[in-house]
Amino acid sequence: MTPTDYVTTVFDGKSNPEKVTVTFTMALNAVLKGYSSTVILMVEAVELGKPGAMKGMNIGAPFEPVQDLLEKYLEKGGQVAICGACMIHNGMNAEQMDPRYPVITAPDVIDLLMGAKGSLQVT
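These numbers come from a predicted model, not from an experiment.

What counts, and at which threshold
Residues numbered from 1 in each chain as written. Predicted model: local features only at pLDDT ≥ 70, side-chain atom pairs only at ≥ 80, totals over all residues. Heavy atoms only, no water. Buried < 20%, exposed > 50% of the residue type's maximum accessible area, 1.4 Å probe, protein only. Helix = DSSP H or I, 4+ residues; strand = E, 2+ residues; numbered from the N terminus. Pairing = 2+ DSSP bridges. Phe/Tyr/Trp six-rings, centres within 6.5 Å; stacked < 30°, edge-to-face > 60°. Patch = residues over 30% accessible without salt bridge, like charges linked within 9 Å, V, L, I, M, F, W, Y side chains within 5 Å. Areas by Shrake-Rupley, 256 points an atom, 1.4 Å probe, with all protein chains shown as cover. Salt bridge = Lys/Arg side-chain N within 4 Å of Asp/Glu carboxyl O. Contact = heavy atoms within 4.5 Å.

Draft legend 1. Main features of the pairing of strand β2 (residues 37-41). The buried fraction of β2 is high, at five of five residues. The two faces of β2 match: Ser37, Val39 and Leu41 on one face and Thr38 and Ile40 on the other face are all buried. Bridge count between strand β1 (residues 6-10) and β2: five bridges; the pairing is parallel. What sits directly across from threonine 8, in β2, is valine 39.

Draft legend 2. Region of interest: the packing of aromatic side chains. Taken as a whole and assessed by the stated rule, the structure comprises one aromatic pair. Measuring from centroid to centroid gives 6.1 Å for phenylalanine 24 and tyrosine 73, while their planes differ by 80°, and the two rings are edge-to-face. A residue pair is termed long-range when its members are at least 10 positions apart, and phenylalanine 24 in helix α1 (residues 17-32) and tyrosine 73 in helix α2 (residues 66-75) qualify at 49 residues.

Draft legend 3. A look at a nonpolar patch on the surface. There is a patch of nonpolar side chains on the surface, built from Val22, Met26, Ile59 and Phe63 and spanning about 270 Å² of accessible area. By the secondary structure assignment, methionine 26 is in helix α1. Among the residues examined, methionine 26 registers a relative accessible area of 36% and is labelled partly exposed.

Draft legend 4. Just the environment of threonine 21, in detail. The topology assignment puts threonine 21 in helix α1. The buried category is assigned to threonine 21, whose relative accessible area is 0%. Spatially, the C-alpha atoms of threonine 21 and glutamine 79 are 16 Å apart, while their sequence positions differ by 58 residues. Not counting residues up to four positions away in its chain, the partners in contact with threonine 21 are Ile59, Phe63, Glu64, Val66 and Leu69.

Draft legend 5. Local environment of the pattern of salt bridges. On inspection of all chains with the given rule, the structure shows five salt bridges. When the shortest N-O distance is used, the salt bridge between lysine 72 and glutamate 64 registers 2.5 Å. Note on glutamate 64: relative accessible area 30%, which makes it partly exposed. The closest approach of N and O atoms between glutamate 71 and arginine 100, which form a salt bridge, is 3.7 Å. Highlighted residues: glutamate 71 in helix α2 and arginine 100 in the loop between α3 (84-89) and β4 (103-104), separated in sequence by 29 residues. Taking the relative accessible area as the measure of exposure, arginine 100 reaches 45% and is therefore partly exposed.

Next up, the structure:
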């Protein structure tokens with residue numbers, strides 16, 4: 001996976017839409033400012049790697065619905081990656097995931113974080 005300027009890791013999924021919303025709000029703003037960006041879905045957040053999983057996540061104003069944030073983020077060149085070990089640990093497999101999102105390993109996560117100019121860990 002190609003290193004990016006900004007990396008966000010998110011650990012919560014549908015059970016905490018506030019954290020998911022903040023994750024994608026910040027990631028979108030990074031790409032809007034001209035930075036390359038990756039969001040890494042880890043632990044429970046790997047469930048968000050399934051197609052359509054973010055539909056209906058909306059915490060209300062002033063924030064946009066997560067699905068809208070995601071689509072804008074991807075259109076602007078943002079990347080979403082899935083922690084492979086977390087995916088397996090949660091009983092999922094790569095065939096269930098959105099094909100736009102690469103499944104990555106722990107060394108990939110380290111490389112992304114160490115190569116970034118900035119990061120945000122949403123735990």
